[in-house]
Amino acid sequence: MAFRAFFGLPVENFATSTGTPTNAVYGFTAMLATLLNDRKPTHVAVAFDLPGGTFRTERLPSYKGTRDETPPDFEPQVPLIREVLEAMGVTALDKPRYEADDLLATYARMGREAGMEVLVVSGDRDTIQLVNEDVTLLYPRKGVSDLVEFTPDAVVEKYGVLPGQYPDLAALVGETSDNLPGVPGVGPKTAAKWINTYGGLEGILSSADDVPGKAGESLRAHLDQVRLNRELNHLLTDLEVSVPVEALEFGGGDSAAIHQVCDALQFKGLRARLLAFAADSEGGPEVTESERIEALVVAPAPVADVVALTGSVALAVPGTDAWALGLSQGDKAWAVDLTALSEADEKALAAWLADPGVGKVLHGAKDALHALADRGLAVEGLTDDTQLGAYLVNPAQGRLDLDDVAERFLGLRPAAAAAGQLDLGLGGSELESLARSAHTVALLGERVREDLAEQRMLDLYGNLEIPLVGCLFAMERAGVAVDAARLEELSGLALGRAEKAAEAAYESIGGTAVNLGSPKQLQEVLFEQLGMPKTKKIKTGYSTDASSLAELYEKRPHPFLEALLAHRDATKLAQIIQTLRDAVRADGRIHTTFSQVVAATGRLSSKDPNLQNIPIRTDEGHRIREAFVVGGTYATLVTADYSQIEMRIMAHLSGDEALIEAFRSGEDLHRFVGSRVYGVPPEGVTAEMRGHVKAMSYGLAYGLSSFGLSRQLGLPVGEAQALMDDYFSRFGAVRDYLTGVVKQAAKDGYTETIFGRRRYLPDLTSTNRQRRDIAERMALNAPIQGSAADLIKRAMLAVDARISAEGLASRQILQVHDELVIEAAAGEEDAVEAILREEMAAAGDLSVPLDVNVGRGTNWRVAGH
DNA sequence: TACTATCCGTT
DNA sequence: GACGTACGGATAGTAT
């Protein structure tokens, strides 16, 4: 069955991130779970073939001799299947010199004799002989999920013989997969006819001389072969076995072991299915959080009880709006309907939530803070965000919903599976599940802290990420003011340019209109109609991206290409502008959402809309920033950005004296580096030299190859390589650092930033070159990008602290990875600039200074200069 | 409506 | 044969 699964599921779709193939394990396990669920067997065992020969190969060395060698991707999966079985509490059977089918035959007989009803699941047709009124065969029709049920009647119908006569039929027909040739000219129809005429193989053999026709002649010429076939395809039902059939009783799996094996195999959906068979979750196989909470006191909560809580309390807020609040502490959980509060209760609850002395634990706290704030409720005293904690534990993990995290950290099955299982007397299942969620969060809070402590990330968590939640919350609520009229104007300009470009494009190809936004239609025009040379291959044909079009233009200048690029540019800008216009809220401001739990490096991300990718490179795009303006009661936008933060971190981490000197000297970095690399005085560094070393420097932190550098600079690969060699001969410690970082990460399994933030990279030890190369580039980049993220986050907290310490009304409103934007109140500009300069520079104690550029203006474009 | 593929904006 | 990180998001095209 595992073999069937192997060939039924594409191996390229089933592998762990380290490249271990799992298609056979997955398919086999999924089939097993289905069978356990559908058939609910009392006793279960899985029989294995062992390596080495069997009594059959001893008898006939060519037995199964035509089989191709076992695929190399299959073999390592067999022990993994055994691990799954062990975790599941399913007995694995094997016996040297015998095949799995002999074990199946023996145990089928034993089960039957013990009065059991037996199901045999096998992809080997020989097992048809085991079928009788107590034994049914499940035989795969296709893959492993589509099993056909062979009862005695079904066997007769399909083969025309009784199950016990099937080996007779197979002996006559032969079995290619076992390398047992049959009687030439005799197929299943003839064989069945003979068996029924002569009453079985014995009868046929003893009357062989009377069997008529060509087939009869053929039979007489192959009698020995038929006898041998029959001998070999007989399954042994009387093996000596040490495990009695009673011992195969299925008592369920071990949830910890199931988690372990699912972690190792990176099974996601299957995990929950397997856990359903765990025997050790309290209350049996269907246990979820519901059972745990059964011990809790859960009641519709009088607000007086809730506001009396001190210490640390876990909270849960519904996903939609904060119409209710779940609370939990210790083994108790409550839920409060916020829509039905008396004025006094509301006041008491508001005061309790705003009391920083009461610790609050939440999952995805910032969302909850917004929902509660919309209801006029402010929250202070956030000590834990279990989503944030789970992210830090493994920032590349992916799904971070409460269900996912509870499953990962606590082994709890998704609450959805538990819905409606218990009525805890809250009179509404939504309130009830809210209380339950709060309790899950309470349990998680402790577990996540344990993991973080083990990884030495508690400081990063408690003193950086958790406080940052409040900072980001405030920034999102503040938003950024927008000049709607300016956006409208810019939109008109961009649309006009797009229109003109489209017309030019159509005209250049004879007046036919095509959808210039459709890569598919562009391919038709470029490669069919215009007969342009093929660009790089993509899934749907040939690429029409900007770099491919530029390359095409080099080879075949054509007005269509120019018009197309201009159209791309203009429509992209128009699209960005429209997205921004749609995002302006009633207060005339755009409120983005920053996420702390998306980027695997520790950066923030911004969405709805993304304010971290507003154009700046082209003049047309840059003008969009004019529409981001200072708001009504404020006076100035002040922006501050780190100068070459990543190169500075590289200098610090590598300890490269030459690079450190470059930053300490205060000279232009790329001029300094260029002078060293090219061996000329700083004033002798040409613009081209500077450009080359600049690209080289930036590329370093991304794992740039000589090939990539040559492409970017338009140089032959040899020259790019020479440039890299020269670079590293001057900045050798940088190279040593970069190779060292990959080596260390491969050893540890993760990279670390200056402040201890981790990123796990299991692919570093992958046997797949491409995956490993990608992981190596991630390992190069993560400590650098991540340390930069740590630094600016520290700066943000420090800036906020200074602003409130100095009693200023100014506020942070945006962060763009190395840049902060502050909306400054009138008269506070100088103070704000000083705070930004000081706190950003002091965010870390590096061996190089952290230079900060500051600008002011009434809009982002001006301030950004 | 949900999903994938492609393309492109930022750092 | 591949070849620079990290993201969010629009549009086109296809499947359901």
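The rules behind each value
- Residues numbered from 1 in each chain as written.
- Chains lettered and ligands numbered in written order.
- Predicted model: local features only at pLDDT ≥ 70, side-chain atom pairs only at ≥ 80, totals over all residues.
- Heavy atoms only, no water.
- Helix = DSSP H or I, 4+ residues; strand = E, 2+ residues; numbered from the N terminus.
- Buried < 20%, exposed > 50% of the residue type's maximum accessible area, 1.4 Å probe, protein only.
- Contact = heavy atoms within 4.5 Å.
- Areas by Shrake-Rupley, 256 points an atom, 1.4 Å probe, with all protein chains shown as cover.
- Lys, Arg positive; Asp, Glu negative; His and termini not counted.
- Charge placed at Lys NZ, Arg CZ, Asp CG, Glu CD.
- Domains from an automatic or database assignment.
- Phe/Tyr/Trp six-rings, centres within 6.5 Å; stacked < 30°, edge-to-face > 60°.
- Axes fitted to C-alpha atoms, helices over the stretch in contact; angles between N-to-C directions.
- Parallel < 35°, antiparallel > 145°, perpendicular 65-115°, else oblique.
- Left-handed = near helix turned anticlockwise from the far one by under 90°.
- Nonpolar A, V, L, I, M, F, W, Y, C, P; charged D, E, K, R; others polar.
- Salt bridge = Lys/Arg side-chain N within 4 Å of Asp/Glu carboxyl O.
- Near = heavy atom within 4 Å.
- Polar contact = N/O pair within 3.5 Å; in protein donor to acceptor, adjacent residues only side chain to side chain.
- 1 Å grid on protein atoms, 1.4 Å probe; cavity = no way out; pocket = protein on both sides within 12 Å on 5 of 7 lines; lining within 4 Å.
- Points joined across faces, edges and corners; volume = space filled by probe spheres on them.
- Expected span 1.5 Å × (residues − 1).
- Pairing = 2+ DSSP bridges.

With respect to the overall build of chain A
A count of helical and extended segments in chain A gives 37 helices and 26 strands. When burial is assessed residue by residue, chain A has 51% of its 865 residues classed as buried. Contacts in chain A between residues at least 24 apart in sequence constitute 66% of all its contacts with a sequence separation of at least 6. For chain A, the accessible area works out to roughly 39200 Å², and carbon and sulfur atoms hold 50% of it. Distance from the positive charge centre (84 side chains) to the negative charge centre (123 side chains) of chain A: 5 Å.

A look at the domain arrangement of chain A
Entries for chain A in the domain assignment read domain 1 (2–248), domain 2 (288–455), domain 3 (481–590) and domain 4 (646–787). With centres defined by C-alpha atoms, the gap from domain 3 to domain 4 works out at 34 Å.

Examining the packing of aromatic side chains
With the rule as written, the count across this model stands at 12 aromatic pairs. Look at Phe150 and Tyr159: their rings are 6.3 Å apart centre to centre, the planes differ by 35 degrees, and that puts the pair in the tilted class. Each ring, one from Phe628 and one from Trp860, has its centre 5.4 Å from the other, and the planes form 75 degrees; the classification is edge-to-face. Of this pair, Phe628 sits in strand β20 (residues 628–629) while Trp860 sits in helix α37 (residues 860–863); the two residues are 232 residues apart in sequence, bridging distant segments of the chain.

Here we look at the environment of Glu240
Assignment of secondary structure puts Glu240 in the loop between α11 (223–232) and α12 (255–265). Classification of Glu240 as exposed rests on a relative accessible area of 69%.

Quick word on the packing of helix α28 (residues 645–654) against helix α29 (residues 657–665)
Closest axis-to-axis distance for the α28/α29 pair is 8 Å, and the angle between their directions is 135 degrees. Compared by their axis directions, α28 and α29 come out oblique. With respect to the hand of their crossing, α28 and α29 are arranged in left-handed fashion. The residues of α29 that touch α28, namely those facing Met647, Arg648, Met650 and Ala651, are Leu659, Ile660 and Phe663. Grouping the amino acids of the contact of α28 with α29 by side-chain chemistry returns six nonpolar, no polar and one charged.

With respect to the pattern of salt bridges
Per the counting criterion, the structure on display carries 43 salt bridges. With a shortest N-O distance of 3.0 Å, Glu838 and Arg802 are connected by a salt bridge. With a gap of 36 residues between them, Glu838 in helix α36 (residues 829–841) and Arg802 in helix α35 (residues 769–805) connect regions that are remote in the sequence. Three or more residues joined by partner-sharing salt bridges are found here, namely Arg486, Glu489, Asp619, Glu626 and Arg861.

Digging into the protein's contact with DNA strand C
Around DNA strand C, 32 residues are found, and the nearest of them are Ser518, Ala600, Asp608, Gln712 and Gln785. A share of 69% is what sugar and phosphate atoms reach among the atoms of DNA strand C within 4 Å of the protein. The contact in question runs from a phosphate oxygen of DNA strand C to an N or O atom on the backbone of Val598, over 3.4 Å. At a separation of 2.9 Å, a base nitrogen of DNA strand C approaches a polar side-chain atom of Arg769. Contributions of two or more residues to the surface near DNA strand C are made by α24 (519–529), α26 (559–583), β19 (605–607), α32 (706–713) and α35.

Let's talk about empty space enclosed by the protein
Over the atoms, a rolled probe matching the size of one water molecule traces out where space is still vacant. Using the criterion set out here, one finds three cavities of 30 Å³ or more in the structure. Taken as a whole, the largest cavity spans an internal volume of roughly 70 Å³. Residue lining of the largest cavity: Leu490, Leu493, Ala494, Arg497, Leu573, Ile577, Glu620 and Ile624, and that is the complete set. Of all the secondary structure elements, the ones that give two or more residues to the lining of the largest cavity are α23 (484–508) and α26. Looking at the lining of the largest cavity, the element that brings in the most residues is α23, giving four residues. Among the residues making up the lining of the largest cavity, the classes are represented as six nonpolar, no polar and two charged.

As for helix α4 (residues 77–88)
Compared with the 16 Å implied by 1.5 Å per residue over 12 residues, the 16 Å span of α4 between its first and last C-alpha is a close match. Positive backbone phi, approximately 75 degrees, marks Gly89, located one or two places after α4.

Here's the deal with the sheet that holds strand β26 (residues 852–857)
Taken together, the four strands give an open sheet; going across it, the order is β24-β25-β21-β26, and neighbouring strands pair in antiparallel fashion. Of all strands in the sheet, those with a lone pairing partner are β24 (811–815) and β26, marking the two edges. For this sheet, the mean angle separating the axes of adjacent strands, direction not counted, is 25 degrees. α36 rests against β21 (636–642), β25 (819–824) and β26 of the sheet, and its axis sits at about 160 degrees to β26.

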